[in-house]
2 protein chains.
Amino acid sequence: MAKDFVKRSENYSEWYNELVVRADLAENSSVRGCMVIKPYGYAIWEKMQSALDSMFKATGHQNAYFPLFIPKSFFEKEAEHVEGFAKECAVVTHHRLTPKKDGTAGLEPDPDAKLEEELIVRPTSETIIWDTYKRWIKSYRDLPILCNQWANVVRWEMRTRMFLRTAEFLWQEGHTAHATREEAEAEAKKMLNVYADFAEKFMAVPVIKGVKSPNERFAGAVDTYCIEAMMQDGKALQAGTSHFLGQNFAKAFDVKFLSKENKLEYVWATSWGVSTRLMGALIMTHSDDEGLVLPPALAPIQVVIIPIFKTEEECEKINQQAQRIKTTLEQQGISVRYDDRREYKPGWKFHEYEFKGVPLRITIGARDLAEGKCEIARRDTMNKELVNIDTVTELVKPTLDDIQSNLYNRALQYRLDNTRKADTWEEFVDILEHKGGFISAHWDGTPETEEKIKELTKATIRCIPFDNEKEEGRCVYSGKPSSQRVIFAKAY
Amino acid sequence: MAKDFVKRSENYSEWYNELVVRADLAENSSVRGCMVIKPYGYAIWEKMQSALDSMFKATGHQNAYFPLFIPKSFFEKEAEHVEGFAKECAVVTHHRLTPKKDGTAGLEPDPDAKLEEELIVRPTSETIIWDTYKRWIKSYRDLPILCNQWANVVRWEMRTRMFLRTAEFLWQEGHTAHATREEAEAEAKKMLNVYADFAEKFMAVPVIKGVKSPNERFAGAVDTYCIEAMMQDGKALQAGTSHFLGQNFAKAFDVKFLSKENKLEYVWATSWGVSTRLMGALIMTHSDDEGLVLPPALAPIQVVIIPIFKTEEECEKINQQAQRIKTTLEQQGISVRYDDRREYKPGWKFHEYEFKGVPLRITIGARDLAEGKCEIARRDTMNKELVNIDTVTELVKPTLDDIQSNLYNRALQYRLDNTRKADTWEEFVDILEHKGGFISAHWDGTPETEEKIKELTKATIRCIPFDNEKEEGRCVYSGKPSSQRVIFAKAY
């Protein structure tokens with residue numbers, strides 16, 4: 001048991017905060033709402049980036065880079081967009097500091113270096129990108145444009161939590177331009193599928209794909225598609241969104257193209273993004289009271305080898321075996337750390353790598369080795385097994401694969417066990433109060449009802465699932481007719 | 001000859017600006033001093049990043065991420081540092097926009113959302129990182145810390161040029177912490193060597209390694225090491241710097257560690273960085289009046305295959321050959337584009353890929369194919385050759401290697417041809433006025449002389465080369481005694 005480490009059942013929120021820090025993933029910085037992503041946490045993010053980047057390129061996208069700053073006037077051009085972001089943005093007003101005019105020590109913004117127009121640190125880049133696309137797009141031959149950007153963005157959130165909601169965060173934002181509505185809609189859906197595949201195959205996080213209700217839509221979108229995951233406290237986490245933007249930004253920035261039929265038309269758009277928030281989803285889906293649990297596909301260290309010995313002779317024999325195992329596994333593309341540091345005891349190391357979520361541990365003890373054995377321990381189940389040391393390398397890949405699928409299946413089962421139908425308001429409130437999780441319920445389709453339910457219960461519509469069955473029913477709140485159930489939950 | 005494209009000999013500066021835009025590398029954005037890096041330019045930067053990142057990791061460094069914003073008070077803690085950066089920084093003063101109070105349309109920074117302390121958009125991250133390291137470092141066991149960050153930074157330059165000097169640019173910044181002076185100095189030199197290796201092996205850009213004179217030192221460093229390259233107009237370009245920071249930042253942020261001898265000591269530091277400026281160096285070293293020239297090691301497309309045919313039957317035969325060649329080359333890890341688009345003519349394609357610097361072109365024409373031949377054309381020499389199509393794939397790798405080393409050798413020869421000794425002030429001025437290039441001359445070692453020379457000629461000391469021979473002489477300007485020559489040049 002991890003020492004002094006709060007249990008999930010005691011205080012899930014504190015458990016999360018402590019885990020992030022103690023597993024060396026991230027910490028709060030001295031800058032309000034901004035975190036420092038530590039090397040171990042960043043290594044996981046790099047693996048996410050690498051997998052996603054390959055998936056984006058395989059679907060024909062290219063990376064580019066657009067300015068960090070957005071002129072205030074650009075921001076104002078799309079009415080809903082500015083409404084959504086103006087209240088929480090970092091505003092640059094000066095381009096120089098100067099010694100304080102009142103003669104006291106220190107610096108102040110130089111009044112002579114006040115910007116003519118304020119610049120906003122990008123909260124998202126639709127506006128600056130569509131200002132750019134206006135220069136790139138003249139004819140249908142210039143379409144589609146399929147760009148992605150890896151970048152930092154800033155949204156001045158008042159209540160922040162590491163990875164889940166921070167003032168600055170890292171993300172990717174895809175921005176595409178198309179000649180037709182159909183093509184843009186298909187693109188937005190395609191990228192949502194890419195996100196879902198990534199979440200399920202790499203993160204081992206099962207997700208529900210669907211469309212957002214109007215209240216939860218991205219500011220400036222016609223439709224927002226999303227993937228929603230369930231955390232271990234039953235709350236939902238939106239893990240990625242893909243927006244069909246219609247012609248909203250093309251109209252705001254006057255981007256037209258000459259069609260094959262020689263007509264000037266507005267361009268159709270999508271944007272889609274996932275962020276370091278995925279780290280929060282990853283942590284909260286799998287980890288336990290012993291610390292972090294990582295799916296092998298994203299673990300910076302997949303296997304750790306720990307020696308136990310008393311004499312130098314024993315040490316030497318173990319070293320030989322460890323090096324052989326390490327080399328063999330690395331040839332299979334598996335990342336291995338052999339931790340032969342003498343200043344730390346085996347027990348300390350066990351705890352350390354367990355807490356950091358290393359999927360598989362191989363312990364080579366002198367006594368076991370004398371019998372041709374070593375121990376393998378799985379982080380997901382905590383199961384330990386003595387195995388033949390000569391053939392242990394053959395077990396590793398299948399075991400890692402099994403851990404990967406076990407984590408996924410466990411998370412899926414958890415979600416299924418905690419998704420309930422509610423047909424009356426009493427049921428709805430009772431589930432939220434006593435059980436949590438997802439609620440599948442009828443909704444009358446109005447923003448007013450959605451707003452009212454949120455006000456009364458804090459639950460929101462997470463999505464209208466794509467694969468929904470049509471079913472006649474009555475809204476769980478208003479009793480008005482409804483043609484399908486939607487997913488309600490409290491959310492991060 | 002590239003149409004309407006200005007020659008280097010006519011106007012080198014305009015040639016560069018036009019090349020960047022016409023080769024689709026980057027363009028100016030609507031935000032003053034900020035550029036948009038276009039997909040083709042970004043693909044080259046990605047190749048640079050990938051190679052450098054592997055080199056950093058191979059030398060034991062890990063990536064992490066630190067906040068974009070730096071509190072003004074942090075900035076003020078290291079006197080020279082703030083002196084160096086306060087005059088050109090973006091200052092965030094508010095965290096919200098609100099409708100204008102005077103009732104006119106539009107938004108303004110909300111006076112109720114003024115920050116208590118202004119935030120600076122990082123021009124470099126020493127201060128925020130050393131504030132963090134203070135929490136990470138307690139004992140010698142916590143050292144060394146070897147972190148790198150890939151990030152955007154902002155320096156509010158008044159005169160900007162794409163890639164060479166922009167308000168926002170992309171870079172990596174390494175920040176390391178050590179227990180001893182020796183270890184930190186060795187680290188700073190090691191990373192300079194990594195930069196030099198990268199420049200020479202990947203960029204095919206020969207560099208001179210050396211130490212900066214005090215005037216040219218990084219604000220807050222004890223010593224700045226640099227690599228300097230010569231552009232085709234004879235001007236120098238500083239391609240990377242590595243700083244030995246002494247204990248300056250540890251003192252400013254009060255970062256001490258308990259040594260093995262149980263004494264509290266200040267930590268020793270280095271920082272080192274290269275940026276998208278490398279793109280400028282790459283472009284200006286190799287490109288010519290026909291457009292961009294890329295070394296194969298960094299070319300997003302290494303080989304382009306272009307078909308020439310009239311009939312469908314010819315097209316079909318060429319297709320088969322092209323696909324075979326493409327597949328074979330890709331198996332060798334070579335990136336190939338087969339451009340069989342029908343809406344563009346072969347001549348247009350030749351020009352397009354020449355202008356974009358694709359190192360090798362394979363042209364498969366119906367007539368040549370009938371004789372079992374195809375044409376290969378090198379971008380560096382513009383040489384064309386008819387070769388046997390059955391064995392062309394065997395020629396590609398050696399030819400790419402030859403292009404890579406030819407570009408390096410050509411650039412090295414250019415630098416050697418344009419590096420001159422000056423022993424009198426008249427010679428010094430004459431070379432600068434009529435020949436340009438690097439001047440190897442004696443200097444009395446004083447900042448005053450350096451400043452005066454800069455004032456009179458615009459030339460600065462680029463570096464004191466590491467491998468300098470000791471040589472008694474007299475300062476080219478003051479006539480005072482000097483023990484070695486240094487490199488002077490006008491610089492970007």
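Please read these numbers as outputs of a predicted model, since none were measured by experiment.

## Considerations on the pattern of salt bridges
Right, so step 1: Taken as a whole and assessed by the stated rule, the structure comprises 68 salt bridges over all chains.
Right, so step 2: A salt bridge links K356 of chain A to E352 of chain A; the shortest N-O distance between them is 3.3 Å.
Right, so step 3: By relative accessible area, which is 14% here, K356 of chain A ends up buried.
Right, so step 4: D110 of chain B serves as the salt-bridge partner of R96 of chain B, at 3.0 Å between the closest nitrogen and oxygen. Residue R96 of chain B is found in the loop between β5 (91-94) and β6 (97-99), and its partner D110 of chain B is found in the loop between β7 (107-109) and β8 (114-121); the two are separated by 14 residues along the sequence.
Right, so step 5: Taking relative accessible area as the criterion, R96 of chain B reaches 23% and is therefore assigned partly exposed.
Right, so step 6: Note on D110 of chain B: relative accessible area 6%, which makes it buried.
Right, so step 7: Connected via shared salt-bridge partners are D24, E27, K38, E352 and K356 of chain A together with D131 and R135 of chain B.

## Focus: the sheet that holds β8 of chain B
What links the strands of a sheet is backbone hydrogen bonding, and the strands pair in either a parallel or an antiparallel sense.
Right, so step 1: One open sheet accounts for six strands, arranged β4(A)-β8(A)-β5(A)-β5(B)-β8(B)-β4(B); its pairing is antiparallel. Every interior strand has two partners, whereas the edge strands, β4 (69-71) of chain A together with β4 (69-71) of chain B, have only one. Here the strands of the sheet are splayed against their neighbours by 45° on average, with no regard to which way each runs.
Right, so step 2: Here three bridges tie strand β5 (residues 91-94) of chain A to β5 of chain B, and the two strands are oriented antiparallel to one another. In the strand pairing of β5 of chain B, V92 of chain A is matched with V92 of chain B.

## Concerning the packing of helix α9 (residues 312-331) of chain A against helix α12 (residues 392-417) of chain A
Residues and elements named next belong to chain A.
Right, so step 1: Interhelical geometry of α9 versus α12 gives an angle of 45° and a closest axis separation of 10 Å. In terms of axis orientation, α9 runs oblique to α12. Along this stretch, α9 crosses α12, giving a crossing that reads as right-handed. Contacts between α9 and α12 involve R324, I325, T328 and L329 from the first element and V392, T393 and V396 from the second.
Right, so step 2: Its residues assigned to classes, the contact of α9 with α12 shows four nonpolar, two polar and one charged.

## Concerning the packing of aromatic side chains
Any pair of aromatic rings gets described here by the distance separating the centres and the angle formed by the planes.
Residues and elements named next belong to chain A.
Right, so step 1: Throughout the structure, instances matching the rule amount to 44 aromatic pairs over all chains.
Right, so step 2: Relative to W136, the ring of F66 has its centre 6.1 Å away and its plane inclined at 40°; by these criteria the two rings are tilted. Note that F66 is positioned in the loop between β3 (62-63) and β4 and W136 in helix α5 (residues 126-136), a separation of 70 residues in sequence. The burial state of F66 is the same as that of W136; both residues are buried.
Right, so step 3: In textbook terms, an aromatic cluster arises when at least three aromatic residues are bridged by ring pairs, as seen for W45, F56, W150, Y195 and W272.
Right, so step 4: In this arrangement the basic side chain of R361 is found over the ring face of F350, its NZ or CZ atom lying 3.9 Å from the centre.

## Some remarks on the nonpolar core
Right, so step 1: Among the nonpolar cores identified, the biggest contains 95 residues, and F69 and W130 of chain A together with F69 and W130 of chain B are the most heavily contacted of them.
Right, so step 2: Those residues within four positions of W130 of chain B in sequence are excluded, and the remaining contacts are T176, A177, F249, A250, F253, V255, V267, W268 and A269 of chain B.
Right, so step 3: Ranked by size, the runner-up nonpolar core spans 83 residues in total, among them A23, L237, F244 and I301 of chain A.

## Some points on helix α10 (residues 346-355) of chain A
Right, so step 1: Restricting attention to buried positions, one finds in α10 of chain A the residues K349, Y353, E354 and F355 of chain A.
Right, so step 2: Downstream of α10 of chain A by a residue or two, G357 of chain A has a phi angle that is positive, lying close to 80°.

## Considering the relation of the copies chain B and chain A
Right, so step 1: Overlaying chain B with chain A gives an RMSD of 0.0 Å, the required rotation being 180° about an axis along which the chain moves by 0.0 Å. Taken together, these values place the two copies in the relation of a two-fold axis. Closest to the rotation axis within chain B is the C-alpha of V92 of chain B, separated from it by 2.1 Å.

## Some remarks on the interface of chain B and chain A
Right, so step 1: Taken residue by residue, the interface counts 64 residues in chain B and 64 residues in chain A.
Right, so step 2: Interface of chain B and chain A: buried area, both sides summed, is about 5100 Å²; carbon and sulfur atoms make up 64% of it.
Right, so step 3: On the chain B side of the contact with chain A, Y65, H95 and L97 of chain B bury the most area, a combined 13% of that side's loss.
Right, so step 4: The partner of E46 of chain B in a salt bridge is K57 of chain A, and the shortest N-O contact between them spans 3.1 Å.
Right, so step 5: Counting the contacts that link chain B with chain A gives 36 residue pairs in polar contact (both at pLDDT 80 or more).
Right, so step 6: Looking at side-chain class alone, the side of chain B that touches chain A contains 36 nonpolar, eleven polar and 17 charged residues.

Analysis parameters
- Residues numbered from 1 in each chain as written.
- Chains lettered and ligands numbered in written order.
- Predicted model: local features only at pLDDT ≥ 70, side-chain atom pairs only at ≥ 80, totals over all residues.
- Heavy atoms only, no water.
- Salt bridge = Lys/Arg side-chain N within 4 Å of Asp/Glu carboxyl O.
- Buried < 20%, exposed > 50% of the residue type's maximum accessible area, 1.4 Å probe, protein only.
- Helix = DSSP H or I, 4+ residues; strand = E, 2+ residues; numbered from the N terminus.
- Pairing = 2+ DSSP bridges.
- Axes fitted to C-alpha atoms, helices over the stretch in contact; angles between N-to-C directions.
- Parallel < 35°, antiparallel > 145°, perpendicular 65-115°, else oblique.
- Left-handed = near helix turned anticlockwise from the far one by under 90°.
- Contact = heavy atoms within 4.5 Å.
- Nonpolar A, V, L, I, M, F, W, Y, C, P; charged D, E, K, R; others polar.
- Phe/Tyr/Trp six-rings, centres within 6.5 Å; stacked < 30°, edge-to-face > 60°.
- Lys NZ or Arg CZ within 6 Å of the ring centre and 35° of its normal.
- Core = buried A, V, L, I, M, F, W, Y, C linked by side-chain atoms within 4.5 Å.
- Least-squares fit on C-alpha atoms with pLDDT ≥ 70 in both.
- Buried area = accessible area lost by both parts, 1.4 Å probe.
- Polar contact = N/O pair within 3.5 Å; in protein donor to acceptor, adjacent residues only side chain to side chain.

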